[in-house]
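# Breakdown of the fold
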Amino acid sequence: MTVNIDPLVARMRGFGTTVFAEMTALAVRTGAINLGQGFPDTDGPAKLLETAVEAIRGGANQYPPGPGVPELREAVAAQRSGRYGLTYDPADEVLVTVGATEAIAATLLALCETGDEVVLFEPYYDSYAAIIALAGAVRRPVTLRPDGDRFTFDPAELRAAVTPHTRLILLNSPHNPTGTVFSRAELEIIADVCREHDLVAVTDEVYEYLTFDGAEHVPIATLPGMRERTVAISSAGKTFSVTGWKTGWITAPPHLVRAVQTVKQFLTFTCSAPYQRAVAYGLGAELDWVEAQRASLQSKRDRLTAGIQAAGLTPLRTQGTYFVQADVRPFGFTDGLEFCRVLHERAGVVAIPAQVFYDSDAGDPYVRFAFCKRDEVIADAAARLSRVAS
């Protein structure tokens, strides 16, 4: 007998197959260059990889401590102190997670009751909406709009999004997919709202090292009165081009770490011991490689942006991350999804429509291209795009 019910809980029924799967399948089927998904097609530093191999061969293959191996927690604390002047106790203010995605999930599940509201900026990374739904919370998006050649927000709209039910503000900077690095002045506005309404700031900082043209990543926890109310999240994946390792962490005051760990222990309990040891090595010894990678990505951004512009599209300035956004309206399109579904025919390139990252229709005319690919791939993609105009 067939049971005619949807087994998926109602709050998750809007989160089925993603456009990422559709666009990747399109690239595979047609042989187009896939600039949709944001992962590098080269590996991280050789010694980092070898350190993971050595850890496996050396017997680090059983459960590590739930909060993370001590050497990684110590390395994360040293990184926050050395780079930003933020002091955290590795014993109770650092928690290792299965990538930033689990860190965000465990944090929101720990801090949000059913009906609580989460203020976030749209466009937003797609897992944010799903995790807010899983928590039974309500998202209150504030739209980032172009201002000149970068995206920013209206402070009045941010303030209007906060209600008595607001629990926290979820912030991503450097920001995927717009490439905006929030300025100190913008962060001061967000911090002021947090302080005024006694809100927690949850910050996704996975692209913290990948900023361009001198843009400065400022952790909001460095601003007055914010360290004690901030859960800062980062990971090794983007920093060291090892996205498949899924090794992330949070830094926060002890009571917030305890709350997140209470949830995290029943999600995954712990994560890969060999990768944790390798990342601890990387944070201490491979930052020169990271800087070279940042410079390489800036060059790739410039070359792909030139190809986008030559195609007749309007690229917006990317200050950080792996991505550049472009306005498709010069081509007569107002719908980025429609444009992406024909771009592979015109140029042999696949991108992602930005509208999938929005609740509103503000993202309809934008598409996102990833430039974290090999030089020859970027050169080929830029040449293909530039031919579209002719």
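If you're wondering where the values come from, they're calculated on a predicted model, not measured in any experiment.

### Describing the pairing of strand β15 (residues 366-370)
Extensive coverage of β15 is indicated by the burial of five of its five residues. Burial along β15 is two-sided: the residues Tyr366, Arg368 and Ala370 and Val367 and Phe369 are all buried. As defined by bridge partners, strand β12 (residues 323-327) adjoins β15 across five bridges and the pair is classed as antiparallel. Among the inter-strand pairings, Ala326 is bridged to a residue of β15, identified as Val367. Relative to β15, strand β14 (residues 352-353) runs antiparallel, the two sharing two bridges. Along β15, the bridge assignment pairs Ile352 with Arg368.

### Description of the sheet that holds strand β4 (residues 138-143)
Strand order in the open sheet formed by seven strands is β2-β10-β9-β8-β7-β3-β4, and the pairing between neighbours is mixed. In this open sheet, the two edge strands, each paired with only one partner strand, are β2 (94-97) and β4. Direction aside, the axes of adjacent strands within the sheet are offset by 20 degrees on average. Relative to strand β9 (residues 230-235), strand β8 (residues 200-204) runs parallel, the two sharing four bridges. What sits directly across from Thr203, in β9, is Ala232.

### Considering helix α1 (residues 19-30)
Under the 1.5 Å per step criterion, the end-to-end length of α1 is 16 Å for twelve residues, consistent within 8% with the ideal 16 Å. All of the buried residues in α1 are Val19, Phe20, Met23, Leu26 and Ala27. End-on, the buried residues of α1 take up no more than an arc of 130 degrees, which puts them together on one face. The outward face of α1, more than 90 degrees from its buried face, is lined by the exposed residues Val28 and Arg29. Where α1 is buried, its residues contact β1 (33-34), α5 (126-134), α11 (336-347), β13 (349-350), β14 and β15. Note on α1: the residue one or two positions beyond its end, Gly31, has a positive phi of about 80 degrees.

### Topic: the packing of aromatic side chains
Scanning all chains against the criterion turns up 13 aromatic pairs. Ring centres of Tyr63 and Phe269 lie 5.7 Å apart, and the angle between their planes is 90 degrees; this geometry places the pair in the edge-to-face category. Remark: Phe269 occurs in the loop between α8 (254-264) and α9 (273-285) and Tyr63 occurs in the loop between α2 (46-57) and α3 (70-84); sequence separation between them is 206 residues. With a centroid separation of 5.5 Å and 55 degrees between ring planes, the pair formed by Phe121 and Phe182 is classed as tilted. Taken as a pair, Phe121 in strand β3 (residues 117-122) and Phe182 in the loop between β7 (166-172) and α7 (184-197) lie far apart in primary sequence, 61 residues in all. Like Phe121, the residue Phe182 is buried in the burial classification. An aromatic cluster is defined as three or more aromatic residues linked by ring pairs; in this entry it consists of Phe121, Phe153 and Phe182. Geometry around Phe39 places Lys373 over its ring, the cationic atom sitting 4.1 Å from the centre.

### Brief notes about the environment of Pro90
Within the secondary structure layout, Pro90 lies in the loop between α3 and β2. For Pro90, a relative accessible area of 23% corresponds to the partly exposed category. It is 8.7 Å that separates the C-alpha atoms of Pro90 and Leu72, two residues lying 18 residues apart in sequence. Those residues in contact with Pro90, other than ones at most four positions away along the chain, are Arg73, Glu74 and Ala77.

### Focus: the pairing of β4
Note that β3 and β4 share six bridges and pair parallel. Paired with Leu120 across the two strands is Pro141, which belongs to β4. The parallel pair β3 and β4 is bridged by α5, and the resulting crossover is right-handed.

How each quantity is defined
Residues numbered from 1 in each chain as written. Predicted model: local features only at pLDDT ≥ 70, side-chain atom pairs only at ≥ 80, totals over all residues. Heavy atoms only, no water. Buried < 20%, exposed > 50% of the residue type's maximum accessible area, 1.4 Å probe, protein only. Helix = DSSP H or I, 4+ residues; strand = E, 2+ residues; numbered from the N terminus. Pairing = 2+ DSSP bridges. Axes fitted to C-alpha atoms, helices over the stretch in contact; angles between N-to-C directions. Expected span 1.5 Å × (residues − 1). Arc of directions from axis to C-beta. Contact = heavy atoms within 4.5 Å. Phe/Tyr/Trp six-rings, centres within 6.5 Å; stacked < 30°, edge-to-face > 60°. Lys NZ or Arg CZ within 6 Å of the ring centre and 35° of its normal. Right-handed = clockwise from strand over helix to strand, strands pointing away.

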